[in-house]
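As a plain string of letters, each chain reads:
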Amino acid sequence: MGKIKAYGYIRVSGNGQVDKNGFNRQEKAIKSFTQKNSISLEAVFREKGVSGTKSETDRPALKEMMATILANGIKTVIVERLDRLAREYRVQEEILIYLARHNIELISADTGENITEAISDDPMKKAIIQIQGVFAELDKSITVKKLRIARQKVKAEKGKCEGAKRFGEGNNEEMVIVKKITYLRRLSRGRTKRMSYGKIAKKLNEEGLPTKRDKKWTPQGVYNIVNRKKS
């Protein structure tokens with residue numbers, strides 16, 4: 001069994017701290033922790049000049065890290081201390097629940113505690129995670145329905161709709177899935193065979209990742225993504 005792979009997340013709240021030792025100290029602590037615990041640190045995401053009171057939606061580096069995680073399946077994030085994630089308890093809890101809902105483990109290098117695991121063990125917080133998942137699924141269904149109604153309206157008024165965009169075009173969530181498919185299909189180190197289209201389709205379905213029409217993935221659908229021509 002290989003090493004656990006992880007990402008580091010570091011943050012400084014003021015632009016004046018970017019050139020000081022805030023980043024260096026945090027990164028050094030994270031690297032020391034990963035070396036002692038035989039964890040492979042794949043990359044470190046730096047949140048520059050972002051207040052600890054900002055939620056996940058206002059953090060460019062956190063959003064980039066999440067997109068990368070959803071594309072390649074790495075499920076561990078390490079911070080120097082919990083206050084580097086956020087200073088306010090309310091924001092800490094909001095981001096931790098967000099990570100837990102995506103089955104991502106957050107570890108504090110300072111204490112070694114798996115913080116999201118502790119969140120998931122709390123019955124009340126576990127219920128919040130599940131409720132958020134239900135609302136996320138509902139929101140996705142509503143979005144799909146709204147798009148369908150909009151297309152029908154355009155067709156009724158003009159007799160036709162604009163040509164459908166390819167999966168991943170102009171849609172960040174779909175682009176993350178395209179990157180994940182590409183990653184899974186790539187011949188990684190230590191593997192002698194590429195992952196088959198069928199196995200990739202099965203993995204996408206198990207993770208609940210939708211196709212453009214919100215149906216199940218098929219081997220042919222995965223093949224079309226991998227082998228489509230670039231325009």
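Residues numbered from 1 in each chain as written. Predicted model: local features only at pLDDT ≥ 70, side-chain atom pairs only at ≥ 80, totals over all residues. Heavy atoms only, no water.

A. Geometry of the overall build of the protein chain. Each helix and strand in the protein chain was counted, giving nine helices and four strands. Each helix and strand of the protein chain, ordered N terminal to C terminal, gives the series β-α-β-α-β-α-α-β-α-α-α-α-α. Long-range pairs, those at least 24 residues apart, make up 64% of the contacts in the protein chain between residues at least 6 apart in sequence. Of the roughly 14900 Å² that the protein chain leaves accessible, carbon and sulfur atoms contribute 51%. (Helix = DSSP H or I, 4+ residues; strand = E, 2+ residues; numbered from the N terminus. Contact = heavy atoms within 4.5 Å. Areas by Shrake-Rupley, 256 points an atom, 1.4 Å probe, with all protein chains shown as cover.)

B. Quick look at the environment of alanine 61. With respect to the helices and strands, the residue alanine 61 is situated in helix H2 (residues 60–72). Residue classification places alanine 61 among the buried residues on the basis of a relative accessible area of 6%. In the structure, alanine 61 is positioned 50 residues away from arginine 11 in sequence and 9.0 Å away in space, judged by C-alpha atoms. Apart from the residues within four sequence positions on either side, alanine 61 is in contact with Tyr9, Phe45, Arg46 and Glu47. (Buried < 20%, exposed > 50% of the residue type's maximum accessible area, 1.4 Å probe, protein only.)

C. Local environment of the packing of aromatic side chains. Counted according to the given criterion, the structure contains three aromatic pairs. Seen in terms of ring centroids, tyrosine 7 and phenylalanine 45 are 5.3 Å apart; in terms of plane orientation they differ by 85 degrees. Their pairing is edge-to-face. You can see tyrosine 7 sitting in strand E1 (residues 4–11) and its partner phenylalanine 45 sitting in strand E2 (residues 39–47), a full 38 residues away along the chain. With respect to burial, tyrosine 7 and phenylalanine 45 carry one shared label: buried. Look at tyrosine 197 and tyrosine 223: their rings are 5.3 Å apart centre to centre, the planes differ by 85 degrees, and that puts the pair in the edge-to-face class. Taken together, the positions of tyrosine 197 in helix H8 (residues 197–206) and tyrosine 223 in helix H9 (residues 219–227) put the pair 26 residues apart, joining distant regions of the chain. For tyrosine 223, a relative accessible area of 37% gives the class partly exposed. (Phe/Tyr/Trp six-rings, centres within 6.5 Å; stacked < 30°, edge-to-face > 60°.)

D. Highlighting unusual backbone geometry. The residue serine 38 is not glycine, and still its phi comes out positive at about 55 degrees. A positive phi angle, close to 60 degrees, is found at asparagine 103, a residue other than glycine. With respect to the element layout, asparagine 103 can be found in the loop between helix H4 (89–101) and strand E4 (105–108).

E. How the structure looks around the side chain of serine 108. When you line up the elements, serine 108 lands in strand E4. Among the polar contacts listed, one links the side chain of serine 108 to the side chain of threonine 111, at a separation of 3.4 Å. For serine 108, the contacting residues outside a window of four places in its chain are Phe33, Val79, Glu80, Arg81, Leu82, Glu113 and Ile115. (Polar contact = N/O pair within 3.5 Å; in protein donor to acceptor, adjacent residues only side chain to side chain.)

F. Just the environment of isoleucine 4, in detail. Along the chain, isoleucine 4 falls in strand E1. For the pair isoleucine 4 and isoleucine 39, spaced 35 residues apart in sequence, the C-alpha to C-alpha distance is 5.1 Å.

G. Summary view of the sheet that holds strand E3 (residues 76–79). Here we have four strands laid out as an open sheet, ordered E2-E1-E3-E4, and parallel in their pairing. The open sheet has two edge strands with one neighbour each: E2 and E4. Looking at each pair of strands side by side, their axes are set apart by 30 degrees on average, direction ignored. Pairing between E1 and E3: two bridges, direction parallel. (Pairing = 2+ DSSP bridges. Axes fitted to C-alpha atoms, helices over the stretch in contact; angles between N-to-C directions.)

In short, shape yes, function no, at least from these values alone.
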